[in-house]
Amino acid sequence: MIEVTVRFEVDDRPTTPGEIEDEYLAEMLDHTGEQARQHVQARLGAMRCPEHGGAPKVTVTAQYQTDSEQMELGYHVDACCSRLLMMAVGALNH
Ligand SMILES: [Zn+2]
């Protein structure tokens, strides 16, 4: 397992599912965040840097726009070196 942080933004404002009054939207964000977390763990959970032994850290940003009803997921990876970064980004995009 690695460290995965999920952030939520609705209409470009940072928020959390618990703060959202629209129950349907809150549940959708919660669900999307959980799926993204599982996706990252499945792909990167066992990954370690062959040189330094470090694990990648991932921040997922789930951005929702209410006017267009579009959800976008962004992945930010922190790694001990560029080699691990390349491995992690490659595995995420695979
Ligand atoms: Zn490294």
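As a reminder, the structure under discussion sits directly above these lines.
Below is a summary of the structure that appears in this document. Here the residue numbering is sequential within each chain, running from 1 through the sequence in written order. Restriction of local features to residues with pLDDT of at least 70 applies here, the model being predicted, together with a cutoff of 80 or more for giving and counting side-chain atom pairs; totals for whole chains, interfaces and linings are based on all residues.

The subject of this paragraph is the pairing of strand E4 (residues 70–78). When you tally the buried positions in E4, you get zero out of nine residues, a small fraction of the element. The pairing of strand E3 (residues 57–65) with E4 spans nine bridges and is classified as antiparallel. Residue pairing for E4: Tyr64 is matched across the bridge by Met71. Should DSSP find at least two bridges between two strands, the strands are regarded as paired. Helix and strand assignments come from DSSP, with helices taken as H or I runs of at least 4 residues and strands as E runs of at least 2, each series counted from the N terminus. What sits between E3 and E4 in their antiparallel hairpin is a turn of four residues, with Glu69 showing a positive phi close to 55°. Neighbour density around each residue's C-beta defines its exposure: 20 or more other C-beta atoms within 10 Å make it buried, 12 or fewer make it exposed, and counts between make it partly exposed, where C-beta atoms are placed from the backbone.

This next bit is on the nonpolar core. By definition, a nonpolar core groups buried Ala, Val, Leu, Ile, Met, Phe, Trp, Tyr and Cys residues that are joined through C-beta atoms within 7 Å. Membership of the largest hydrophobic core comes to 14 residues, with the highest contact counts inside it found for Val4, Val40, Val58, Val60 and Ala62. Residue assignment for this core shows that the elements contributing at least two residues are strand E1 (4–10), helix H1 (23–44), E3 and helix H2 (82–93). Not counting residues up to four positions away in its chain, the partners in contact with Val4 are Arg37, Val40, Gln41, Val58 and Val60. For every residue pair, C-beta atoms are placed from the backbone, and the pair is scored as a contact if these atoms sit within 7 Å.

What follows concerns the environment of Arg48. Inspection of the secondary structure puts Arg48 in the loop between H1 and E3. Along the backbone, Arg48 and Gln35 are 13 residues apart, and their C-alpha atoms lie at a distance of 22 Å. Setting aside residues no more than four positions away along its own chain, Arg48 makes contact with Gly53, Gly54 and Ala55.

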